[in-house]
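The lines below spell out each chain.
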Amino acid sequence: MDRICEPELMDERAQALAYAAADFSAGDQAVVERIAALVQPQTGAALLDLGCGPGNISFRLAERFPQARVLGVDGAAAMLQIARDRLAGAPGRWPALAFAQGLLGSGGLEPCPPARFTALISNSLLHHLHDPRVLWNALVPLAAPGASVYIRDLRRPASPEAVLALRERHLAEAPPVLQRDYVASLHAAFTVSEVRQQLVDAGLADQLQVAALDDRYLEVWGRLAG
Ligand SMILES: C[S@@+](CC[C@H](N)C(=O)[O-])C[C@H]1O[C@@H](n2cnc3c(N)ncnc32)[C@H](O)[C@@H]1O
């Protein structure tokens, strides 16, 4: 099945609210546990959550790793507003967590944060990018020496029928806007072999590896040299 891109930014207010209201907690917590196993953030660690949306992963990172600074970055104002409202709703609870608007494009992340990060993290961003090189090319300029990377995303099924089967298995009870987005996201996602080729093209194949994860995800992880 060929890839069909979906809009990059989730900037519709209704779409952002539906996403924020959905319960992705099991998958989100699995991401954080995977990061805990792979990255083991130390005191002074700085974690960057690229394409943070309403902050689902960023908040969990801040909770799990209170010794680390966490910055969530997204290009969509509607998503960031939700993340910032959540942060403001619990003053002092996550003192080292912040959110910033930033757009990944051909020039990297704009505006570029002043500091470098010891871990670069992203969940469900890659499939939104029309040109995946904008993510791979952004990593090294954002990374502190030896930074860890963990990226999880959907992987594209083989057929439209397989897409619908996944929607039935995982989102049958979800609101229509989420079901619509989920189908679009599966069509827009990459396969493991496409991502492997992207890593080769970006000169990252000796530092990052990619593998399929359960019935619908792929994950990319490793450590950047330098
Ligand atoms: C499916 S959401 C995932 C949100 C979050 N990472 C999570 O796991 O809940 C994808 C997010 O990526 C953001 N995004 C897509 N393309 C982007 C780009 N080029 N630059 C910055 N953010 C982008 C969207 O606005 C959206 O909030």
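Quick note: structure is the one above.
Keep in mind it's a predicted model, so treat the numbers as computed, not measured.

Caption draft 1: Fine view of the environment of His 170. With respect to the secondary-structure elements, His 170 resides in helix α6 (residues 160-171). By relative accessible area, which is 30% here, His 170 ends up partly exposed. On a C-alpha basis, the gap between His 170 and Tyr 182 in space is 9.7 Å, while along the polypeptide they are twelve residues apart. Of note is the side chain of His 170, whose polar atom sits 3.4 Å from the side chain of Arg 216.

Caption draft 2: Inspection of the site of the ligand at higher detail. Around the ligand, a shell composed of 21 residues is seen, among which Glu 8, Tyr 19, Gly 51, Asp 74 and Asn 123 lie nearest. Note that a nitrogen atom of the ligand is positioned 3.0 Å from one of the side-chain N or O atoms of Glu 8. Leu 104 places a polar main-chain atom, nitrogen or oxygen, 2.9 Å from a nitrogen atom of the ligand. About the coverage of the ligand: the protein hides 98% of its 600 Å² of free accessible area. Listed by contribution, the elements that provide at least two residues to the shell around the ligand are α3 (56-64) and β4 (103-105). Here the shell around the ligand is composed, by residue class, of eleven nonpolar, eight polar and two charged.

Reading guide: rules and limits
- Each chain carries its own residue numbering, running from 1 in the direction its sequence is written.
- The model is predicted, so local features are restricted to residues of pLDDT at least 70 and side-chain atom pairs to those at 80 or more, both for listing and for counting; the totals for chains, interfaces and linings are taken over all residues.
- The basis for every side-chain value is the complete set of non-hydrogen atoms in the structure, without hydrogens or water.
- Starting at the N terminus, helices and strands are each numbered in turn, a helix being any DSSP run of H or I of at least four residues and a strand any DSSP run of E of at least two.
- Three labels apply to residues, based on accessible area from a 1.4 Å probe with only protein chains included: buried if under 20% of the type maximum, exposed if over 50%, partly exposed otherwise in between.
- Contacts described as polar in this section are N or O atom pairs within 3.5 Å, which, within protein, must combine one atom able to donate a hydrogen with one able to accept it, while residues neighboring in sequence count only if both atoms come from side chains.
- By convention in these notes, a residue is near a molecule or strand provided one of its non-hydrogen atoms lies within 4 Å of it.
- Areas reported as accessible are Shrake-Rupley estimates using a 1.4 Å probe. Residue values count occlusion only from the protein chains shown.
- Throughout, the ten residues Ala, Val, Leu, Ile, Met, Phe, Trp, Tyr, Cys and Pro are labelled nonpolar, Asp, Glu, Lys and Arg are labelled charged, and all others, Gly among them, are labelled polar.

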